[in-house]
Amino acid sequence: MPEAGDWLRTHLGELRTALREHGAVMVRGLPVGGVEDVAAVRDILVPRPTPYREKATPRSDYGAGIASSTDLPPAQAIRMHNENSYTLTFPGILLFACLVPPDGGGATPVADCRKVLSGLPDRLVDRMRASGWTLTRNYSGYVSLDWRTALGTDDPLEAARYCAENRIAPEWHDGDRLRTRQLRPGVISHPDTHEEVWFNHLAFWNEWSLEPDIREALIDEFGADGLPFNTALADGEPLTRDDVSAIHAAYAAATVREPWRRGDLLLVDNILAAHGRDPFTGDRRIAVAMGEPVDLADCRPGVQAAAVTV
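This structure is a prediction, so every number in the text was calculated from the model and none was measured.

Draft legend 1. The arrangement of the overall build of the protein in detail. A tally of helices and strands in the protein yields nine helices and 19 strands. Since a compact globule built from 310 residues should have a radius of gyration of about 19 Å, the 19 Å found for the protein is in line with a globular shape. Taking the principal axes of its C-alpha atoms as reference, the protein extends roughly 55 × 40 × 35 Å. By residue count, 53% of the 310 residues in the protein fall in the buried class. Only carbon and sulfur atoms are counted for the fraction: they give 51% of the accessible area of the protein, which is about 13800 Å². Averaging the locations of the 32 positively and 45 negatively charged side chains of the protein gives two centres separated by 1 Å.

Structure (structure tokens):
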């Protein structure tokens, strides 16, 4: 690893330039074989860590500040998203490293969010610019993460304090159940390049992104307002299935993917590019580190983040 570290330090400027131009850069051929190697690479490429806030998916802790990219089932595709787009501070750069490549599938696709924005219908973009988007979460240990895991505390008072500090409206219900609502901008500008991008989880967590039978079963079980996650544009006009399909189509048109090989590194500018995961077969061990924190306020949001009460 010393030679790999020297190479990365020598080419760090070129990698950062390429990252700003393309939104993502893959590096191949370095001897990155284990978690310790990934941590050493992380310290060079993304030395300022960003914690995983308001957790939404299960991850394994590999140690040394490195985690699994996700522990969701192999058959499940993960749609395109910007990491922690719903938090007030989020990682500016993501580092993925392939420790064990899958037998088939399992790529980490990336989509240039500048292209996504330009590929969307003007009406959707105008609505997002004007009003932003809302996220409603119902925390549960059955179909999503419970609030203790998601917010990193066992204390309801500490959870409420976090919500107040982060412009989230909490609603406590019988049985220790928590629902939160928050308003966030969905179009922001990169703090360094000043380019405007589509940056949100609007389609990712919208009910129309669910398979029809799953959506129907969840609504039957929990009610329309009890889905684990749901989103909307904040202008009050309903988001239709066609609207969500148009967003997914814009992501697809801007997406590229490359099969993983052992030792591959993938750097993603989390503002300029969204990422996802393809279904896979066999084993797959992708490590991730998140760093270079960015404050939402530094991204010229046209809509101010706020708690949403009903």
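Draft legend 2. Up close: the side chain of Arg-114. On the secondary structure map, Arg-114 appears in helix H4 (residues 113-119). Given the relative accessible area of 15%, Arg-114 is considered buried. Polar side-chain contacts of Arg-114 include one of 3.3 Å to the backbone oxygen of Arg-20. Those residues in contact with Arg-114, other than ones at most four positions away along the chain, are Arg-20, Glu-21, His-22, Gly-23, Glu-195, Glu-196, Val-197 and Leu-272.

Draft legend 3. Just unusual backbone geometry, in detail. Even without glycine at this site, Ala-64 takes up a positive phi of about 60°. Looking at the element boundaries, Ala-64 is found in the loop between strand S2 (61-63) and strand S3 (66-68).

Draft legend 4. Up close: the pairing of strand S9 (residues 169-173). Bridge count between S9 and strand S10 (residues 177-184): five bridges; the pairing is antiparallel. Looking at the pairing, Trp-172 lines up with Leu-178 of S10. Taking the residues that link successive antiparallel strands as the turn, the S9-S10 hairpin has three residues, and the phi of Gly-175 there is positive, at about 80°.

Draft legend 5. Representation of the packing of aromatic side chains within the structure. Taken as a whole and assessed by the stated rule, the structure comprises five aromatic pairs. Residues Phe-90 and Phe-199 carry aromatic rings whose centres are separated by 4.8 Å and whose planes lie at 45° to one another, so their mutual orientation is tilted. Of this pair, Phe-90 sits in strand S5 (residues 89-100) while Phe-199 sits in the loop between strand S12 (196-198) and helix H8 (212-222), and the two are 109 residues apart along the sequence. You can call Phe-199 buried: its relative accessible area is 0%. With a centroid separation of 5.5 Å and an interplanar angle of 65°, the aromatic rings of Phe-204 and Trp-205 are classed as edge-to-face. Phe-204 gets classed as buried once you look at its relative accessible area, which sits at 18%. In textbook terms, an aromatic cluster arises when at least three aromatic residues are bridged by ring pairs, as seen for Tyr-86, Phe-204, Trp-205 and Phe-229. For Arg-284, the ring lying beneath its charged end belongs to Phe-280, and the centroid distance is 5.5 Å.

Draft legend 6. Geometry of the sheet that holds strand S4 (residues 78-81). A sheet is described by the order of its strands in space; here four strands give the open sequence S4-S16-S7-S14, paired in antiparallel fashion. Only two strands of the sheet have a single partner each, and these edge strands are S4 and strand S14 (255-256). In the sheet, S4 pairs with strand S16 (residues 273-277) via two bridges, with the strands oriented antiparallel. Bridge pairing links His-81 to His-275 in S16.

The rules behind the values
Sequence order as written defines the numbering, with residues in each chain counted from 1. Totals for whole chains, interfaces and linings use every residue, but because this is a predicted model, local features are given only for residues with pLDDT of at least 70 and side-chain atom pairs only at 80 or more, for both listing and counting. Derived side-chain values reflect all non-hydrogen atoms in the structure, with water molecules and hydrogen atoms excluded from consideration. Counting from the N terminus, the helices are DSSP H or I runs at least four residues long and the strands are E runs at least two residues long. The reference for a compact globule is 2.2 Å times residues^0.38; the radius of gyration itself is calculated from the C-alpha atoms. The rule is simple: take the accessible area with a 1.4 Å probe, protein chains only, and divide by the maximum for that residue type; under 20% is buried, over 50% is exposed, in between is partly exposed. Accessibility throughout is a Shrake-Rupley quantity obtained with a 1.4 Å probe, and a residue counts as covered only by protein chains that appear here. Charge assignment: positive for Lys and Arg, negative for Asp and Glu; neither His nor the chain ends contribute. Every charge is mapped to an atom, namely NZ of Lys, CZ of Arg, CG of Asp or CD of Glu. Whenever a nitrogen or oxygen atom comes within 3.5 Å of another N or O atom, the pair is scored as a polar contact, on the condition that within protein one atom can donate a hydrogen and the other can accept it, and that pairs from neighbouring residues in sequence are kept only if both atoms are in side chains. Contact definition: two residues touch when any of their heavy atoms are within 4.5 Å. A pair of strands counts as paired when DSSP detects no fewer than two bridges linking them. The rule is short: rings of Phe, Tyr and Trp, with Trp giving its six-membered ring, pair when the centres are within 6.5 Å, and they are stacked under 30 degrees, edge-to-face over 60, tilted in between. Note on geometry: a ring has a charge over it if NZ (lysine) or CZ (arginine) is within 6 Å of the ring centre and within 35 degrees of the ring normal.

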